Amino acid sequence: MTNDAAPFSDPMNRGNDPLVARVSVALADGQFHSGEELAKALGVSRSAIWKAVRSLRDLGATLHAVRNRGYRLTTASEPLAAGAIRERLSPDVSARVKSLEVAWSVGSTNTVLLSRANPSNGSSEVMLAEYQTAGRGRRGRAWLAPPGGSICLSLSWTFRGVPADLSALGLVIGVCKLRALRELGVANAKVKWPNDILVDDRKLGGILIELRAESGGPACVVIGIGLNVALGAPLLAKIAETGIAATDLITAGLSKPSRNAVAGALVVSCIRGLLDFETEGLRPFIEEWRDADALRGRMVDLRGGTDEVARGLARGVDLHGALLVETPEGLKKFLSGDVSVRVS
Ligand code: ATP
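So, a few notes on the structure that sits alongside this text.

Side note on the nonpolar core
Okay, step 1: Among the nonpolar cores identified, the biggest contains 66 residues, and Leu 128, Ile 151, Leu 153, Leu 169, Trp 193 and Leu 249 are the most heavily contacted of them.
Okay, step 2: Per-element accounting of this core gives the leading share, 10 residues, to helix 9 (residues 259–280).
Okay, step 3: Counting contributing residues per domain, this core is built from domain 2 (82–290) and domain 3 (295–341), each supplying no fewer than three.
Okay, step 4: What Leu 128 contacts, discounting residues up to four positions off in sequence, is Leu 80, Ile 85, Leu 100, Glu 101, Val 102, Ala 103, Thr 109, Ile 151, Cys 152, Leu 153 and Ala 263.

What to know about the pattern of salt bridges
Okay, step 1: Applying the stated criterion across every chain, the model contains 20 salt bridges.
Okay, step 2: Asp 338 serves as the salt-bridge partner of Arg 141, at 3.2 Å between the closest nitrogen and oxygen. Of the two residues, Arg 141 sits in the loop between strand 4 (124–132) and strand 5 (150–159) while Asp 338 sits in strand 14 (residues 338–341), which places them 197 residues apart along the sequence.
Okay, step 3: Among the ionic pairs, Arg 311 bridges to Asp 301, the shortest N-O distance being 2.8 Å. Of this pair, Arg 311 sits in strand 11 (residues 309–317) while Asp 301 sits in strand 10 (residues 299–303); the two residues are 10 residues apart in sequence, bridging distant segments of the chain.
Okay, step 4: For Arg 311, a relative accessible area of 40% gives the class partly exposed.
Okay, step 5: Of the residues examined, Asp 301 reaches a relative accessible area of 9% and is grouped as buried.
Okay, step 6: Through salt bridges with shared partners, a single network forms among Arg 138, Arg 139, Arg 141 and Asp 338.

Considerations on the packing of aromatic side chains
The description of an aromatic ring pair uses the distance of the two centres, along with the angle that the planes make with each other.
Okay, step 1: Summed over all chains, the structure comprises 1 aromatic pair.
Okay, step 2: Arranged with centres 5.9 Å apart and planes meeting at 70°, the rings of Phe 159 and Phe 277 form a pair that is edge-to-face. With Phe 159 in strand 5 and Phe 277 in helix 9, this pair connects stretches of sequence that are 118 residues apart.
Okay, step 3: A cation over an aromatic ring shows up here: Arg 72 above the ring of Phe 32, its NZ or CZ 5.5 Å from the ring centre.

So, helix 3 (residues 46–58)
Given 3.6 residues per turn, any residue in an α-helix points the same way as the ones three and four places further on.
Okay, step 1: In a regular helix each residue adds 1.5 Å, so 13 residues correspond to 18 Å; helix 3 covers 18 Å between its end C-alpha atoms and thus fits that length.
Okay, step 2: Taken together, the buried positions of helix 3 are occupied by Ala 48, Ile 49, Ala 52, Val 53, Ser 55 and Leu 56. Seen end-on, helix 3 carries its buried residues on one side only, within an arc spanning 160°. Exposed positions of helix 3 whose direction lies more than 90 degrees from the buried face are Arg 46 and Asp 58.
Okay, step 3: Here the buried face of helix 3 lies against helix 1 (18–26), helix 2 (35–42), strand 1 (63–66), strand 2 (70–73) and strand 3 (97–106).
Okay, step 4: Two residues or fewer past helix 3, Gly 60 is found with a positive phi of approximately 120°.

A look at the site of the ligand
Okay, step 1: Close contacts around the ligand come from 15 residues, with Arg 138, Arg 141, Leu 144, Lys 203 and Thr 242 the closest.
Okay, step 2: In this structure, Arg 141 approaches the ligand through a side-chain N or O atom, which is 2.7 Å from an oxygen atom.
Okay, step 3: At 2.9 Å from a nitrogen atom of the ligand is found a side-chain nitrogen or oxygen belonging to Asn 228.
Okay, step 4: A molecule is said to occupy a pocket when more than half its atoms come within 2 Å of that pocket's grid points, and by this definition the ligand occupies the largest pocket.
Okay, step 5: Of the residues assigned to the shell around the ligand, the class counts are 6 nonpolar, 4 polar and 5 charged.

Looking at the sheet that holds strand 8 (residues 202–213)
Okay, step 1: Taking strand neighbours across the sheet as the criterion, the 7 strands line up as 3-4-5-9-8-7-6 in an open arrangement whose pairing is mixed. Both outer strands of the open sheet, strand 3 and strand 6 (190–192), are each paired with one neighbouring strand and no more. Ignoring strand direction, the axes of neighbouring strands in this sheet form an average angle of 20°.
Okay, step 2: Bridge analysis of strand 8 against strand 9 (residues 219–228) gives 9 bridges, and the strand direction is antiparallel. Counted as the bridge partner of Ile 209 is Ile 223 from strand 9.

Looking at the environment of Pro 194
Okay, step 1: With respect to the helices and strands, the residue Pro 194 is situated in the loop between strand 6 and strand 7 (196–199).
Okay, step 2: In this structure Pro 194 comes out as buried when scored by relative accessible area, which is 13%.
Okay, step 3: For the pair formed by Pro 194 and Gly 337, sequence separation is 143 residues and the distance between their alpha carbons is 7.8 Å.
Okay, step 4: For Pro 194, the residues in contact, after removing those within four places along its chain, are Arg 138, Gly 170, Leu 171, Trp 289 and Gly 337.

Let's talk about the side chain of Asn 110
Okay, step 1: You can see Asn 110 is positioned in helix 6 (residues 109–114).
Okay, step 2: Using a relative accessible area of 3% as the deciding quantity, one classes Asn 110 as buried.
Okay, step 3: Only 3.2 Å separates the side chain of Asn 110 from the backbone nitrogen of Gly 224, close enough to count as a polar contact.
Okay, step 4: Beyond its immediate stretch of four places on either side in the chain, Asn 110 contacts Arg 136, Ser 154, Leu 208, Glu 210, Val 222, Ile 223 and Gly 224.

Digging into the environment of Ser 90
Okay, step 1: Tracing the backbone shows Ser 90 in the loop between helix 4 (82–87) and helix 5 (91–94).
Okay, step 2: Beyond its immediate sequence surroundings of up to four residues, Ser 90 is in contact with Val 268 and Arg 272.

Rules used in this analysis
- Residues numbered from 1 in each chain as written.
- Predicted model: local features only at pLDDT ≥ 70, side-chain atom pairs only at ≥ 80, totals over all residues.
- Heavy atoms only, no water.
- Core = buried A, V, L, I, M, F, W, Y, C linked by side-chain atoms within 4.5 Å.
- Buried < 20%, exposed > 50% of the residue type's maximum accessible area, 1.4 Å probe, protein only.
- Helix = DSSP H or I, 4+ residues; strand = E, 2+ residues; numbered from the N terminus.
- Domains from an automatic or database assignment.
- Contact = heavy atoms within 4.5 Å.
- Salt bridge = Lys/Arg side-chain N within 4 Å of Asp/Glu carboxyl O.
- Phe/Tyr/Trp six-rings, centres within 6.5 Å; stacked < 30°, edge-to-face > 60°.
- Lys NZ or Arg CZ within 6 Å of the ring centre and 35° of its normal.
- Expected span 1.5 Å × (residues − 1).
- Arc of directions from axis to C-beta.
- Near = heavy atom within 4 Å.
- Polar contact = N/O pair within 3.5 Å; in protein donor to acceptor, adjacent residues only side chain to side chain.
- 1 Å grid on protein atoms, 1.4 Å probe; cavity = no way out; pocket = protein on both sides within 12 Å on 5 of 7 lines; lining within 4 Å.
- Sits in = over half its atoms within 2 Å of the grid points.
- Nonpolar A, V, L, I, M, F, W, Y, C, P; charged D, E, K, R; others polar.
- Pairing = 2+ DSSP bridges.
- Axes fitted to C-alpha atoms, helices over the stretch in contact; angles between N-to-C directions.

In structure tokens:
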């Protein structure tokens, strides 16, 4: 990766590869920009631009290069900006967001927030990154997201005590994501227990909740939200290699999604959801979950902690967020596990 440009005076970790970050912003309009024009605008050599474009591609961005015209991102992408996201927050939520930062590149936005002190009860820190070098899903699985083509957002929250149905929080955040998506114009998103958002049976987003609880003290959660905006064919193919069919907001019908608006809607919905969850648990969310349940009535294979697979008919979730599966041995409840839908 290149490092030819003057470093950003950015307190976050944008210094990882600042020229790549600036080239990414310069190409965000989706128009062609010649190497010469970019070099002049960014005060570096053309070969530095060439290397930065190559780095951007290596990170997963889909770029189009045409002789005598230059480079363009195949899908225009609004750069994330903390001020623009903050502007989208309602006053009640903004008052609770103590910090809201956008980094060019971090290991994982969850990891950054987990390394910090717990926010006070009722307030949150929000962290976004254009690119994660070590984006994570559950059980250490990789979360892949191209710079400029995704939302990688984490927010931290401290509960007064440990909520009774903490394991249902993933479902609550799933419903919060659905609410935000509906507001943005995606009406047909579904939830797949425990933590996926699907459109047309393809994965649009994931959720990773990590907990830090001190015995007898408050419980702090860091909630990681991944949402695909415009993945591009190379990354779609890479995700397909893991056995998952992915999709993004553009494919789901949003022609020019404002990533700052998407991020703002997610923060508002999640913070309001956390406040309701803290006082009322899963109850205010359960009907919406059930209405959007992608598994209900389908034959599923469920893999729990062991290699054992339970096979049966998905019967929805109970009031504690457990998945109910009707198996030949009777109705079984699962509080965690991996589910795949049987196609036969
Ligand atoms: P599953 O989706 O099989 O139920 P999971 O929900 O536990 O598993 P996560 O932990 O949420 O999966 O996410 C990691 C998995 O998601 C990866 O193993 C990969 O298959 C898939 N994946 C990675 N990046 C993306 C992405 N941008 N969009 C959709 N799926 C992705």
